[in-house]
Amino acid sequence: MIATIVDWDALLQVIWVSLAAGVGVTAAWGFALLGSTRAIEVGRAGRAAEAVLYVVIGVAGLATVIAAIVFGIVILTGD
Amino acid sequence: MGSEIIVVIVVATALTFDFTNGFHDTANVVATSISTRAMPPKVAVGYASILNFAGAFVSLEVAATVANDVVEIQANSIGLLAVFGGLVGAIAWNLITWYFGLPSSSSHALIGGMVGAVFVAEGPDAIFFQDGILGKVMIPALVAPLLAFVVAGLAILVLYRIVGRMRPGPVTSGFRVGQVISGGLLALAHGTNDAQKTMGVITLALVANGTIAADNFHVPDWVVVSAATAIALGTYVGGWRIIKTMGSRIHKMDAAQGFAAQGAGATVILAASHVGFPLSTTHTISGAVIGSGAAKRLSAVRWGVAGNIVVAWVLTLPAAAVIGGFTFLVTRVFGTGAAGPIIVSTGIVIGTVFLFIRRAQQAAPPSAVPLTEGSS
């Protein structure tokens with residue numbers, strides 16, 4: 001009975017979107033923090049190449065967070 | 001003329017419910033930001049109220065579910081009185097749980113109240129139990145907190161892998177900044193899902209009154225704006241006693257956990273809103289809060305308090321249904337005109353004022369809320 005009354009497509013959509021966005025955006029923010037903090041530390045230590053790498057990681061993390069939020073709001077308001 | 005007066009009372013009651021929803025629920029939304037000191041309490045509450053307002057304009061899928069898929073309302077005065085009874089049932093349960101400091105569910109209270117009142121008014125055939133209540137309310141309501149629990153747990157595990165070896169100072173500051181974003185999204189999600197429930201109920205009342213044809217569902221703009229305003233005002237007034245329960249009594253969280261919990265709660269609620277599931281935002285946020293704590297250390301979660309919350313969840317639907325059905329019967333004693341709703345509304349207002357005075361005499365000021373950081 002349960003199999004027929006539940007809108008499985010909608011429920012599965014909620015599950016995979018929540019997992020992907022919830023874990024993905026959180027991880028991206030973690031990388032943004034990692035990149036920005038480490039970039040400052042290794043930059044102060046004079047390791048410029050490493051600092052650039054961490055800047056890239058930080059910017060990529062931040063960009064992912066912003067892109068995910070904007071994309072989500074566009075999808076939500078699109079209907 | 002009589003039915004027009006009832007519509008006005010029902011709309012006012014629905015907006016009052018929306019206000020109490022914001023008052024009751026949004027404490028849950030801001031509790032994590034406050035307990036990790038990401039934001040001062042007053043700033044967090046003001047910020048959440050603005051984003052609750054904005055969230056109400058995001059979509060109308062949940063409003064459509066509440067108006068079309070839970071109960072069938074007849075376009076007559078009995079239908080209007082049933083909507084009124086359901087609303088009173090939800091408000092009464094919200095006030096009772098607020099008074100005793102229990103984080104109940106406004107959403108389940110509303111659904112329960114409507115089902116109870118319509119069941120008494122129109123009989124069991126007017127309840128869409130399988131496809132509506134079970135398929136679109138109860139099963140998603142069961143899945144959502146578990147999903148939030150898993151998402152928050154996975155998120156915090158991933159976060160600790162990424163930032164675990166970094167110095168705590170910058171990391172904590174970074175996650176506090178992140179909580180401004182995740183807390184904002186959570187408030188937006190709350191406004192999206194919860195304000196729409198009120199919009200759905202007001203639309204039901206307009207259908208019962210014949211203002212909107214049942215086969216031409218749409219939510220008027222004034223309904224959207226008024227529901228958004230009511231939930232935002234309720235949020236601003238806040239519920240400090242429940243902040244205390246949600247923010248520090250389930251488990252003491254660090255900023256990373258707060259960020260993960262808010263992010264998980266927001267994504268689950270927003271995804272569910274997109275497909276029209278009227279979730280309990282309280283259940284979902286609680287699931288995320290517990291998940292973020294359990295992933296770090298099972299003993300960090302005060303399971304006794306979490307158990308009390310579960311009991312309140314279980315009680316909400318039947319209790320609100322009983323009060324909703326009872327309210328409809330009391331209202332019908334005075335006929336099908338406006339007298340019943342006027343008398344019952346007056347009683348609710350008097351009862352609310354009484355509870356607020358009692359609460360104000362007992363409540364600690366906001367600054368006395370224990371703010372904790374780091375796991376216990």
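Along each chain, numbering runs from 1 in the same order as the chain's sequence is written. Throughout, the order in which chains and ligands are written sets their labels, letters from A for the former and numbers from 1 for the latter. Side-chain atom pairs in this predicted model are given and counted only at pLDDT of 80 or more, local residue features only at pLDDT of at least 70, and totals for whole chains, interfaces and linings cover all residues.

**Q** Would you mind going over the overall build of chain A with me for this structure?
**A** Strands here mean DSSP runs of E at least two residues long; helices mean DSSP runs of H or I at least four residues long; both are numbered from the N terminus. Within chain A one finds 3 helices and 0 strands. Starting at the N terminus, the α and β elements of chain A follow one another as α-α-α. Radius of gyration here uses only the C-alpha atoms, and the compact-globule reference equals 2.2 Å multiplied by the residue count raised to the power 0.38. Relative to the 2.2 N^0.38 estimate, which gives 12 Å for 79 residues, the radius of gyration of chain A is 19 Å and therefore markedly larger than a compact globule would have. Each principal axis of the C-alpha distribution contributes one length, and for chain A these read about 65 × 25 × 15 Å. Relative to its 79 residues, chain A shows a buried fraction of 30%. Throughout, a residue-residue contact means that the two C-beta atoms, derived from backbone geometry, are no farther apart than 7 Å. Long-range contacts, defined as pairs at least 24 residues apart, comprise 55% of the intrachain contacts of chain A with a sequence gap of at least 6. Three exposure classes are used, all based on how many other C-beta atoms lie within 10 Å of a residue's own C-beta (placed from the backbone): buried at 20 or more, exposed at 12 or fewer, and partly exposed between those limits.

**Q** Please clarify how the overall build of chain B should be interpreted in this entry.
**A** For chain B, the count of helices and strands is 13 helices and 0 strands. Secondary structure elements in chain B, listed N-terminal to C-terminal, are α-α-α-α-α-α-α-α-α-α-α-α-α. When each of the 376 residues of chain B is scored for burial, the buried share is 62%. Put simply, 89% of the contacts in chain B that link residues at least 6 apart link residues at least 24 apart.

**Q** Would you mind showing me how to read the interface of chain A and chain B here?
**A** Note on interface size: it is often stated as the accessible area lost on association of the parts. Taken residue by residue, the interface counts 28 residues in chain A and 35 residues in chain B. Elements supplying a minimum of two residues to the side of chain A that touches chain B: α2 (8-44) and α3 (48-77) of chain A. Sorting elements by how many residues they give to the side of chain A that touches chain B places α2(A) first, with 20 residues. Amino acid classes used here: Ala, Val, Leu, Ile, Met, Phe, Trp, Tyr, Cys and Pro are nonpolar; Asp, Glu, Lys and Arg are charged; the rest, including Gly, are polar. Residue classes in the side of chain A that touches chain B are distributed as 18 nonpolar, 8 polar and 2 charged.

**Q** Could you clarify how one ought to interpret the environment of B:G340 in this entry?
**A** Residues and elements named next belong to chain B. Its location among the elements puts G340 in helix α13 (residues 339-362). By C-beta crowding, G340 is classed as buried, having 24 other C-beta atoms within 10 Å. Distance in space between the C-alpha atoms of G340 and L81 is 8.6 Å, their sequence separation being 259 residues. Excluding its chain neighbours within four sequence positions, the residues that come into contact with G340 are L81, T331, R332, V333, F334 and G335.

**Q** Can you help me understand helix α7 (residues 168-208) of chain B in this one?
**A** One full turn of an α-helix is made of 3.6 residues, so residues set three or four places apart face in the same direction. Between its first and last C-alpha atoms α7(B) spans 58 Å; for 41 residues at 1.5 Å apiece the expected length is 60 Å, and the two agree. Of all 41 residues in α7(B), 33 are buried; the element is thus mostly enclosed. Here, expected helix span is obtained from the residue count minus one, scaled by 1.5 Å.

**Q** Before we go on, may I ask you to explain helix α4 (residues 77-99) of chain B in this structure?
**A** Under the 1.5 Å per step criterion, the end-to-end length of α4(B) is 33 Å for 23 residues, consistent within 8% with the ideal 33 Å. The positive-phi residue at the C-terminal boundary of α4(B) is B:G101, with phi of around 75 degrees.

**Q** Whenever I open this one, the packing of α4(B) against α13(B) confuses me. Can you help?
**A** The axes of two packed helices give the description: the angle between them and the distance between them. Residue and element names in this part refer to chain B. For the pair α4 and α13, the least separation of the axes is 11 Å and the interaxial angle reads 10 degrees. Classified by the angle their axes make, α4 and α13 are roughly parallel. Mapping the contact onto sequence places L81, F84, V88, I91, L95 and Y99 in α4 and G340, P341, V344, I348, T352, L355 and R359 in α13. Axes here refer to lines fitted to C-alpha atoms; in helices the fit is confined to the stretch in contact. Angles between the N-to-C directions go from 0 to 180 degrees. Roughly parallel covers angles under 35 degrees, roughly antiparallel covers those over 145, roughly perpendicular covers 65 to 115, and oblique covers all other angles.

**Q** Would you mind showing me how to read the environment of B:T336 here?
**A** All names here are of chain B. Along the chain, T336 turns up in the loop between α12 (303-333) and α13. Given 16 C-beta atoms within 10 Å, T336 falls into the partly exposed group. Linking T336 and I78, residues 258 residues apart in sequence, is a C-alpha distance of 6.7 Å.

**Q** Please explain the packing of α4(B) against helix α5 (residues 106-122) of chain B as it appears in this structure.
**A** All names here are of chain B. Running from N to C, α4 and α5 point in directions that differ by 145 degrees, and their axes come no closer than 7 Å. The way α4 lies across α5 gives a crossing that is right-handed. Across the interface between the two elements, I78, L81, A82, G85, G86, L87, G89, A90, W93 and N94 from α4 touch S106, A109, L110, G112, G113, M114, G116, A117, V118, A121 and E122 from α5. A breakdown of the residues in the contact of α4 with α5 according to their chemical character gives 12 nonpolar, 8 polar and 1 charged. Helix crossings get a hand from a simple test, with the near helix turned counterclockwise from the far one by less than a right angle marking a left-handed crossing and a clockwise turn marking a right-handed one.

**Q** Would you mind going over the environment of B:L154 with me for this structure?
**A** Within the secondary structure layout, B:L154 lies in helix α6 (residues 129-163). Sequence spacing of B:L154 and B:A264 is 110 residues, and the spatial spacing of their C-alpha atoms is 9.6 Å.

**Q** Please clarify how the confidence of the model for chain B should be interpreted in this entry.
**A** It should be kept in mind that the predicted coordinates are not to be read in detail where pLDDT is low. Residue and element names in this part refer to chain B. Chain-level statistics for chain B give a pLDDT mean of 84 and a share of 89% at 70 or above. Within chain B, the lowest mean pLDDT, 53, falls on helix α9 (residues 240-249), and the highest, 94, falls on helix α10 (residues 255-275). In the predicted complex, the global pTM is 0.86; the interface-specific ipTM is 0.92. For every residue, the predictor states its confidence as a pLDDT score lying anywhere from 0 to 100.

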